[in-house]
Amino acid sequence: MLSSTFLTRRIGRLLVSVWVLVSASFAMIHLVPGDPVRSALGLTASPEVVEARREALGLNNSLPTQYVDYLRSLLHGDFGTSIVSNLPVSQVIQERLPASLQLAVPAFVVLMVLAVVLGVVTAVLTRGGRRPGLHLGYTAASTILGAIPDFILAVVLVAVFAVGLGWLPVAGRDGISSFILPVLTLSLGAAAVLSRVVRAELLSVLDNDFVRTAKSKRLPARIVYLRHALPNALTATLTIGGLLLAGLAAGMVLVENVFQWPGMGTVLVQSIQQKDYPMVQALVLVYGGLTLTINLCVDLLLAFLDPRSTVKAS
């Protein structure tokens, strides 16, 4: 069971983080040089139209009044109205969020499966300095794959499997085959990095007494590795996995645009280009909220699985 002190402290940190996120998104529209409404409507818009839109957005009020109105709107689930399309921002998010989740969930599943399988297999095969060639090749390949930015990996995969071989669609969301390249783009690099963490943690666990005891009982190797060793090597894996999942949300913005995926990342880039600040503010809040939620879940899971963890102790 988690202590009430830990839960209170962690929830307090979450509330402070949410307040900082909301305040930063509010300040965004005021830190942009010039008039954001004029920038969004263009130089051809008449002064009357610009003034009417400023009045509608509440930008003529004092800054404290705007901040209070912004907080009140968020508490009621109102993200405002798009300057460009005049649609409620919450409606656009409801339409686009499922498409982003359809990409994020399978990408995270593939990431974790690849990382655990690769980490366990290479740890077992290269344990004690065995198979140095495999160790060298795995280390080099995982380092290179982990260092390649997502958008470059996406272009390479499209060039090879869509344009060159013609096996998969170049872009868009049309059937199961259209998921393969975006999911691989999001998961391959992170899986390469995480598999090295799994391997290192598993190698450190394999030298413990309880693993030698399990072996002395002549248990099958798969029982020793998967039931006794692997669960004790997941603490660092979960920590890094949570960070990678948060990074996955940021990577999706670029990947969705490369593959013309109809998710929130595509809307975010279009909104930035069109200077649609209410839309940008809302999407920043959604991405930031998802990241904070992921970090909270990881911290709670770590504290539950390992009460000695530094997260809980701190």
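Conventions we followed
- Residues numbered from 1 in each chain as written.
- Predicted model: local features only at pLDDT ≥ 70, side-chain atom pairs only at ≥ 80, totals over all residues.
- Heavy atoms only, no water.
- Helix = DSSP H or I, 4+ residues; strand = E, 2+ residues; numbered from the N terminus.
- Contact = heavy atoms within 4.5 Å.
- Areas by Shrake-Rupley, 256 points an atom, 1.4 Å probe, with all protein chains shown as cover.
- Lys, Arg positive; Asp, Glu negative; His and termini not counted.
- Charge placed at Lys NZ, Arg CZ, Asp CG, Glu CD.
- Phe/Tyr/Trp six-rings, centres within 6.5 Å; stacked < 30°, edge-to-face > 60°.
- Buried < 20%, exposed > 50% of the residue type's maximum accessible area, 1.4 Å probe, protein only.
- Expected span 1.5 Å × (residues − 1).
- Bend = angle between axes of the 7 residues up to and from the residue.
- Patch = residues over 30% accessible without salt bridge, like charges linked within 9 Å, V, L, I, M, F, W, Y side chains within 5 Å.
- Salt bridge = Lys/Arg side-chain N within 4 Å of Asp/Glu carboxyl O.
- UniProt positions renumbered as here; feature names shortened; annotations may be inferred.
- Axes fitted to C-alpha atoms, helices over the stretch in contact; angles between N-to-C directions.
- Left-handed = near helix turned anticlockwise from the far one by under 90°.
- Nonpolar A, V, L, I, M, F, W, Y, C, P; charged D, E, K, R; others polar.
- Core = buried A, V, L, I, M, F, W, Y, C linked by side-chain atoms within 4.5 Å.

**Some thoughts on the overall build of the protein**
Part 1 of the reasoning: The helix and strand tally for the protein stands at 14 helices and zero strands.
Part 2 of the reasoning: Reading the protein from its N end, one meets helices and strands in the order α-α-α-α-α-α-α-α-α-α-α-α-α-α.
Part 3 of the reasoning: Seen along its three principal axes, the alpha-carbon backbone of the protein occupies a region of about 85 × 60 × 30 Å.
Part 4 of the reasoning: Taking all contacts inside the protein whose residues are at least 6 apart in sequence as the whole, residues at least 24 apart take part in 72%.
Part 5 of the reasoning: By element, 67% of the accessible surface of the protein is carried by carbon and sulfur atoms, the whole surface being about 16,700 Å².
Part 6 of the reasoning: Averaging the locations of the 23 positively and 16 negatively charged side chains of the protein gives two centres separated by 19 Å.

**Concerning the packing of aromatic side chains**
Part 1 of the reasoning: Per the counting criterion, the structure on display carries four aromatic pairs.
Part 2 of the reasoning: With centroids separated by 5.6 Å and ring planes inclined at 40 degrees, the aromatic side chains of F26 and Y70 adopt a geometry described as tilted. Within this pair, whereas F26 is found in helix α1 (residues 4–31), its partner Y70 is found in helix α4 (residues 63–75), the two being separated by 44 residues in sequence. Like F26, the residue Y70 is buried in the burial classification.
Part 3 of the reasoning: An aromatic cluster is present here, built from F26, Y67 and Y70 joined pairwise through their rings.

**Here's the deal with helix α5 (residues 89–125)**
Part 1 of the reasoning: Compared with an ideal rise of 1.5 Å per residue, which puts 37 residues at 54 Å, α5 spans 52 Å between its outermost C-alpha atoms and is within 8% of the ideal.
Part 2 of the reasoning: Approximately 30 degrees is the largest bend angle found in α5, and it occurs at R96, with the proline P98 only one to four residues beyond.

**Some details on a nonpolar patch on the surface**
Part 1 of the reasoning: A cluster of nonpolar side chains, namely F151, I152, V155, V156, V160, L165, W167, L254 and V258, defines an oily patch on the protein surface of about 800 Å² accessible area.
Part 2 of the reasoning: Looking at the nonpolar patch, the element that brings in the most residues is helix α7 (residues 150–164), giving five residues.

**Remarks on unusual backbone geometry**
Part 1 of the reasoning: For N86, which is not glycine, the phi dihedral falls at a positive 65 degrees.
Part 2 of the reasoning: Along the chain, N86 falls in the loop between α4 and α5.
Part 3 of the reasoning: You will see that Q260, though not glycine, has its phi angle at about 50 degrees, which is positive.
Part 4 of the reasoning: Mapped onto the elements of the fold, Q260 is located in the loop between α11 (234–258) and α12 (264–274).

**Here we look at the UniProt feature "transmembrane region" (unreviewed entry) in the protein**
Part 1 of the reasoning: According to UniProt, the "transmembrane region" (unreviewed entry) feature falls on residues 12–32, 103–126, 138–167, 179–198, 233–255 and 284–305.
Part 2 of the reasoning: Overall, residues 12–32 shows 95% helix and 0% strand. The separation of its end C-alpha atoms is 31 Å.
Part 3 of the reasoning: The distance from the first to the last C-alpha atom of residues 284–305 is 32 Å, and the span holds 100% helix and 0% strand.

**A short note on the pattern of salt bridges**
Any two side chains of opposite charge can pair if their charged atoms end up close together.
Part 1 of the reasoning: Taken as a whole and judged by the stated rule, the model has three salt bridges.
Part 2 of the reasoning: Two residues, R10 and D299, come together in a salt bridge whose shortest N-O distance is 2.7 Å. Of this pair, R10 sits in helix α1 while D299 sits in helix α13 (residues 277–305); the two residues are 289 residues apart in sequence, bridging distant segments of the chain.
Part 3 of the reasoning: Here D69 and R72 are joined by a salt bridge, their closest N and O atoms 2.9 Å apart. Placement of the pair is D69 and R72 together in helix α4, with a separation of three residues, close to one helical turn.
Part 4 of the reasoning: Looking at D69, the relative accessible area reads 29%, which means it is partly exposed.
Part 5 of the reasoning: In this structure R72 comes out as partly exposed when scored by relative accessible area, which is 44%.

**Things to note about the packing of α12 against α13**
Two numbers describe a pair of packed helices, the interaxial angle and the distance between the axes.
Part 1 of the reasoning: Two numbers describe how α12 lies on α13: the axes approach to 9 Å, and their chain directions differ by 145 degrees. Taken as a pair, α12 and α13 cross one another with a handedness that is left-handed. Taken together, the residues of α13 that come into contact with α12 (itself represented by M264, G265, V267, L268, S271 and I272) are M279, V280, L283, V286 and Y287.
Part 2 of the reasoning: Tallied by class, residues from the contact of α12 with α13 come to nine nonpolar, two polar and no charged.

**Some thoughts on the environment of V156**
Part 1 of the reasoning: Here V156 lies in helix α7.
Part 2 of the reasoning: For V156, a relative accessible area of 43% translates into the label partly exposed.
Part 3 of the reasoning: C-alpha separation for the pair V156 and T185, spaced 29 residues apart in sequence, amounts to 9.5 Å.

**What to know about the nonpolar core**
Part 1 of the reasoning: Grouped together as the largest cluster of nonpolar side chains are 18 residues, with contacts concentrated most on L103, A107, V158, L181, L186, M252 and F259.
Part 2 of the reasoning: Elements that contribute at least two residues to this core include exactly α5, α7, α8 (177–206) and α11.
Part 3 of the reasoning: With five residues, α7 is the largest single contributor of residues to this core.
Part 4 of the reasoning: If we skip the residues at most four places from it in the chain, L181 touches L157, V158, F161, A162, L168, P169 and F259.

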